[in-house]
Amino acid sequence: MVRTKGGDISWGLSTFTLAQTKDMTGSGGVSNLWGVYFKPDGLECYVIDTGNDEVRQYTLSSAWDLSTIDATSPDATFDTGTELSEAVPGEVFVSPDGLYVFVAGGGNDGIFRLTLSSAWDLSTASYGGGASDFFDASSQDTSPYGVDLSQDGTQMYIVGNSGDTIEHYTLSTPWDLNTVAHQSSTSTTSPADENSPTGCRINSDGSQLMLVGGGHDRTQLYALSTAYDPTSRGTSVKQSHSAIDGDVRGVYVLPDASALILAGASNDSLFKVTIG
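Residues numbered from 1 in each chain as written. Predicted model: local features only at pLDDT ≥ 70, side-chain atom pairs only at ≥ 80, totals over all residues. Heavy atoms only, no water.

Q: Help me understand the pattern of salt bridges, please; the structure alone is not making it clear to me.
A: A side chain with one charge can pair with a side chain of the opposite charge if their charged atoms come near. Applying the stated criterion to the full structure yields 9 salt bridges. Arg 56 serves as the salt-bridge partner of Asp 49, at 3.4 Å between the closest nitrogen and oxygen. Here Asp 49 and Arg 56 have matching classes, each one buried. The partner of Arg 233 in a salt bridge is Asp 193, with the nearest N and O atoms 3.9 Å apart. Placement of Arg 233 in the loop between strand S19 (218-223) and strand S20 (237-240) and of Asp 193 in the loop between strand S16 (180-187) and strand S17 (197-202) is noted, with a sequence separation of 40 residues between them. Asp 193 shares its class with Arg 233; the two are buried. Each of Asp 49, Glu 54 and Arg 56 takes part in one network of salt bridges that share partners. (Salt bridge = Lys/Arg side-chain N within 4 Å of Asp/Glu carboxyl O. Buried < 20%, exposed > 50% of the residue type's maximum accessible area, 1.4 Å probe, protein only. Helix = DSSP H or I, 4+ residues; strand = E, 2+ residues; numbered from the N terminus.)

Shown next, in the form of C-alpha cells:
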C-alpha cells in the first residue's frame, strides 16, 4: 500500500495472487454473475445476477471473507427485469453514503439510478423513472456494460462493449443523471489491450483506473497523468486472470488496496485476489 501526497491510497498490480474463491451458484444462487460492489466496511456485498435480471445483496459475517456469503440466500434482491425493463444488467456501483445504486443497462443502452430510503439496504430500493434516474448512453455506446463514479459523484465512467471504449462524463450536480455531460471516449483496443471490456474502477483521487474484460482475460491498471481523465492514461500494468476465470465481468478494489474482488461469469464465482 502506497499513499499519494494527498493521502489517498495508490493501487498496485505488480503482484496478483488468488486468495479466495466463492461459488455463487446452487439452489437460489446466481446464474450469469456480472457486477460486484461492497460496502466499505466489507460486510455488505452487491452483485448483478444477469441470468435472473437481479441486483442482489449479501451480508458477510466477517469483513471481506467471501466464505461467509450464503450464495443461495440473498438478503435482498431488486428485479431489474420487472422494475426497469432491463434484461441485461451489467456492472453496479453504490454511492459512499449508501443511498444510490447505479446499474449499467446493456438492454436499454444506459445507466439506471436507484434510490435507497435506508442506506445500504437494497430492500428499500426504488426507481423513480425521472430524468435524474436514467442516462441514455446510446450516442456513445449501445452496450454499456460497466459503470463507475467518483467518490464525490461528479465524474462517471461507462465501459462500452460495443465500441470497446471507456466513456467519461461529468455531472454538474452530484449523482444526478440529468446533469451528465460527455467529456471523452478512450479506446480500450489501442494499443491492443482489451477488445471486450466489461468493467472499470477509478481510484479515490482519480489518478488510476482499473479495467477488466474477457477479450484478453486481463486485469489492467492505468496511471492517469490528469486526474479523472482516461485520455491521459499511460501504459498499463497487466495481469492475466485467465487461470482464475475466462470471463471476468466486474471488479471491486478494497479500500486499503490490499486486494480486489473479481466477478467471473465462466464459473459464476467471486474471486478475492491480493494485489500490491
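Still to come is the rest of the account.
Q: In this structure, what is going on with the nonpolar core? I would like to understand it.
A: Most often, soluble globular proteins have nonpolar side chains that are buried together. With 53 residues, the main nonpolar core has Val 36, Phe 38, Cys 45, Met 156 and Leu 270 as its most contacted residues. Here this core gets 5 residues from one element, more than from any other, and that element is strand S4 (residues 33-38). Apart from the residues lying within four places of it in its own chain, the contact partners of Phe 38 are Glu 44, Cys 45, Leu 60, Trp 64, Leu 66, Trp 120, Tyr 252 and Ile 261. Core analysis: the second largest hydrophobic core is formed by 17 residues, Phe 16, Leu 221, Val 251 and Leu 260 among them. (Core = buried A, V, L, I, M, F, W, Y, C linked by side-chain atoms within 4.5 Å. Contact = heavy atoms within 4.5 Å.)

Q: Explanation requested: the packing of aromatic side chains in the structure shown.
A: The relative placement of two aromatic rings is captured by the distance of their centres and the angle of their planes. On inspection of all chains with the given rule, the structure shows 14 aromatic pairs. Taking 5.5 Å as the distance between ring centres and 40 degrees as the angle between the ring planes, the aromatic pair formed by Phe 38 and Tyr 252 counts as tilted. Placement of the pair is Phe 38 in strand S4 and Tyr 252 in strand S21 (residues 248-253), with a sequence separation of 214 residues. Here Phe 38 and Tyr 252 have matching classes, each one buried. Considering the side-chain rings of Phe 102 and Trp 175, the 6.1 Å spacing of their centres and the 40 degrees angle between planes classify their relative orientation as tilted. Residue Phe 102 is found in strand S9 (residues 100-105), and its partner Trp 175 is found in the loop between strand S15 (165-171) and S16; the two are separated by 73 residues along the sequence. By relative accessible area, Phe 102 is classed as buried at 0%. Between the NZ or CZ atom of Arg 249 and the centre of the ring of Trp 34, over which it lies, the distance is 4.3 Å. (Phe/Tyr/Trp six-rings, centres within 6.5 Å; stacked < 30°, edge-to-face > 60°. Lys NZ or Arg CZ within 6 Å of the ring centre and 35° of its normal.)

Q: Looking at this structure, how should I read the environment of Ile 48?
A: Here Ile 48 lies in strand S5 (residues 44-49). Look at Ile 48 and you get buried, because its relative accessible area is 0%. Spatially, the C-alpha atom of Ile 48 lies 11 Å from that of Leu 270, the residues being 222 residues apart in sequence. If near-sequence neighbours (up to four positions away) are discounted, Ile 48 is found in contact with Asn 32, Leu 33, Trp 34, Gly 35, Glu 54, Val 55, Pro 89, Gly 90, Glu 91, Val 92 and Val 103.

Q: How should I be thinking about the layout of surface pockets in this particular structure?
A: A probe as big as a water molecule, rolled over the atoms, marks out the empty space that is left. Considering only enclosed or pocket space, the largest pocket measures out at about 370 Å³ in volume. Every residue lining the largest pocket is counted, 22 residues in all, and those nearest its centre are Trp 11, Gln 151, Tyr 252, Val 253 and Pro 255. (1 Å grid on protein atoms, 1.4 Å probe; cavity = no way out; pocket = protein on both sides within 12 Å on 5 of 7 lines; lining within 4 Å. Points joined across faces, edges and corners; volume = space filled by probe spheres on them.)

Q: How do you make sense of the confidence of the model for the protein when you look at a structure like this?
A: Close inspection of predicted coordinates is inappropriate for parts of the model with low pLDDT. Across the protein, the average pLDDT comes to 95, with 97% of residues at or above 70. Between residues 1-7, whose pLDDT stays under 50, and residues either more than four places distant or in other chains, the model counts 9 contacts. (pLDDT = per-residue confidence, 0-100.)

Q: Any chance you could explain the side chain of Asp 164 here in plain terms?
A: Summarising the element assignment, Asp 164 is placed in the loop between strand S14 (155-160) and S15. The side chain of Asp 164 sits in the buried core without any salt bridge; Arg 233 is the nearest counter-charge, 11 Å away. If we skip the residues at most four places from it in the chain, Asp 164 touches Asp 141, Thr 186, Ser 187, Thr 188, Thr 189, Glu 194, Asn 195, Ser 196 and Pro 197. (Lys, Arg positive; Asp, Glu negative; His and termini not counted.)

Q: How should I be thinking about the sheet that holds strand S13 (residues 144-149) in this particular structure?
A: Backbone hydrogen bonds are what pair the strands of a sheet, in a parallel or an antiparallel way. Spatial ordering of the open sheet is given by S13-S14-S15-S16, a layout of 4 strands whose pairing is antiparallel. Both outer strands of the open sheet, S13 and S16, are each paired with one neighbouring strand and no more. Looking at each pair of strands side by side, their axes are set apart by 20 degrees on average, direction ignored. Alignment of S13 against S14, held across 5 bridges, turns out to be antiparallel. Residue pairing for S14: Gly 146 is matched across the bridge by Val 159. (Pairing = 2+ DSSP bridges. Axes fitted to C-alpha atoms, helices over the stretch in contact; angles between N-to-C directions.)

Q: Where do I start with the sheet that holds strand S18 (residues 208-213) in this structure?
A: An order of S17-S18-S19-S20 is seen for the 4 strands of this open sheet, with the pairing classed as antiparallel. Single-partner strands in this sheet number two, and they are S17 and S20. Each adjacent strand pair in this sheet contributes to an overall mean axis angle of 15 degrees, direction not counted. Examined bridge by bridge, S18 and S19 share 5 bridges and lie antiparallel to one another. Each residue of the ladder has a partner; that of Leu 211, found in S19, is Gln 220.

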